Amino acid sequence: MRKVYSRPRSLKKAAFHYCPGCGHSIVHRLICEVIDEMHLQDRAIGIPPPGCSVFAYHYLDVDMAESAHGRGAAVATGIKRAYPDAIVFTYQGDGDLAAIGTAETIHAANRGERITAIFINNAVYGMTGGQMAPTTLLDQKTTTTPYGRDLGLEGSPIRISEMLALLDGAAYIERVAVNSPANIRKAKKAIRRAFQTQVDGLGFALVEILSPCPTNWKMTPLESWQWVDKEMTRVFPLGVIKGGTGSEHAD
Ligand SMILES: Cc1ncc(C[n+]2csc(CCOP(=O)(O)OP(=O)(O)O)c2C)c(N)n1
Ligand code: SF4
């Protein structure tokens, strides 16, 4: 019998604490597969965030250094500058990267820091109970927008990837989703390109991943996967936003 799947070497044998249907666990596995395939386990240093993935170091078998909420890009900058041969990545939610850490993220991208950001957009603050995030869609109900996000009161969702792409230091930015087998395959390629961008020393790389949060969206896992397609991708279109023309495209 042909073996088609096994646990990546860099994914620890620990049961995930994530809710059924959550995108975090899928993204963890994809990162580990890429780290294995690119032989980066001994060089990779991850920066997990506060948020639902706060315990990412329980799962990824690479060196990890926790950061305060929003400070991932700043911590990654310091580590990368101290250890230029390390492959340094942040793992951040949308409340983290696009709200509390807006300044750190923009300036790290602008400086062209040779780091990789894995940006989980689940349209809410997940861990703290589903408050509005910068990425919350208009009319989306959250615990802090119980009647739906109102344009006049809360503004529109921030497309932080498109904003970052305007900065000269940003080398590669792509938006993907983990809501179907085909999209999961594309997400893995994007994560690989983002790591390769760093290996090639090209500048700041970011993969935005539309990621279901069935618990706070109050949906079944299946409904949440469908909501990503029907609603999220209308506001956050999938695809390469910047870069991706060099060896980082190699599969
Ligand atoms: C400076 C600071 N402010 C607020 C918090 C509380 N806090 C912890 S996790 C979290 C929300 C996380 O949401 P997000 O970053 O979108 O990640 P998710 O849980 O959705 O994966 C907040 C507000 C904190 N830890 N530190
Ligand atoms: S609350 Fe949402 S983001 Fe957090 S583990 Fe559950 S499904 Fe995932």
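Below or above, wherever it landed, is the structure these notes cover. These numbers come from a predicted model, not from an experiment.

### Quick word on the overall build of the protein
The helix and strand tally for the protein stands at nine helices and nine strands. For the protein, buried positions account for 54% of its 251 residues. Long-range contacts, defined as pairs at least 24 residues apart, comprise 69% of the intrachain contacts of the protein with a sequence gap of at least 6. Of the roughly 11,200 Å² of accessible surface on the protein, 56% is carried by carbon and sulfur atoms.

### So, the site of ligand 1
Surrounding ligand 1, one finds 16 residues, the nearest of these being His 24, Cys 52, Asp 94, Gly 95 and Gly 126. At 2.9 Å from an oxygen atom of ligand 1 is found a main-chain nitrogen or oxygen belonging to Cys 52. In the model, an oxygen atom of ligand 1 is placed 2.9 Å from a nitrogen or oxygen of the Met 127 main chain. If ligand 1 stood free it would expose 600 Å²; the protein chains cover 73% of that surface. Sort the elements by how many residues they give to the shell around ligand 1 and helix 3 (residues 94–100) lands first, with four residues. Each residue belonging to the shell around ligand 1 can be placed in one class, and the counts come to six nonpolar, eight polar and two charged.

### Some remarks on the site of ligand 2
Taken together, Tyr 18, Cys 19, Cys 22, His 24, Cys 52, Asn 122, Cys 213, Pro 214, Thr 215 and Asn 216 make up all the residues around ligand 2. For the shell around ligand 2, the per-class residue count stands at six nonpolar, four polar and no charged.

### Some thoughts on the packing of aromatic side chains
Taken as a whole and assessed by the stated rule, the structure comprises six aromatic pairs. Where Phe 16 meets Tyr 18, the ring centres are 5.8 Å apart and the plane angle is 40°; that geometry is what we call tilted. Judged by relative accessible area, Tyr 18 falls into the buried class, the value being 11%. Among the aromatic residues, those joined into a ring-pair cluster are Phe 16, Tyr 18 and Tyr 59.

### Digging into the pairing of strand 7 (residues 170–177)
Of all eight residues that make up strand 7, eight are buried, and the element is covered over most of its length. Once the chain exits strand 7 it traverses helix 7 (residues 181–199) before rejoining the sheet at strand 8 (residues 204–210), and the crossover so formed is right-handed. Two strands pair when backbone bridges link them, and strand 7 and strand 9 (residues 239–242) are joined in this way by three bridges, in the antiparallel orientation. Across the sheet, residue Glu 174 finds its bridge partner in strand 9, namely Val 240.

### Brief notes about the packing of helix 2 (residues 72–82) against helix 4 (residues 102–110)
Across the interface, helix 2 lies against helix 4 with an axial gap of 7 Å and an inter-helix angle of 40°. It follows from the interaxial angle that helix 2 and helix 4 lie oblique. Only Glu 104, Thr 105 and Ala 108 of helix 4 make contact with helix 2, whose side of the interface consists of Ala 73, Ala 74 and Thr 77. The residue makeup of the contact of helix 2 with helix 4, split by class, is three nonpolar, two polar and one charged.

Definitions and cut-offs
- Residues numbered from 1 in each chain as written.
- Chains lettered and ligands numbered in written order.
- Predicted model: local features only at pLDDT ≥ 70, side-chain atom pairs only at ≥ 80, totals over all residues.
- Heavy atoms only, no water.
- Helix = DSSP H or I, 4+ residues; strand = E, 2+ residues; numbered from the N terminus.
- Buried < 20%, exposed > 50% of the residue type's maximum accessible area, 1.4 Å probe, protein only.
- Contact = heavy atoms within 4.5 Å.
- Areas by Shrake-Rupley, 256 points an atom, 1.4 Å probe, with all protein chains shown as cover.
- Near = heavy atom within 4 Å.
- Polar contact = N/O pair within 3.5 Å; in protein donor to acceptor, adjacent residues only side chain to side chain.
- Nonpolar A, V, L, I, M, F, W, Y, C, P; charged D, E, K, R; others polar.
- Phe/Tyr/Trp six-rings, centres within 6.5 Å; stacked < 30°, edge-to-face > 60°.
- Right-handed = clockwise from strand over helix to strand, strands pointing away.
- Pairing = 2+ DSSP bridges.
- Axes fitted to C-alpha atoms, helices over the stretch in contact; angles between N-to-C directions.
- Parallel < 35°, antiparallel > 145°, perpendicular 65-115°, else oblique.

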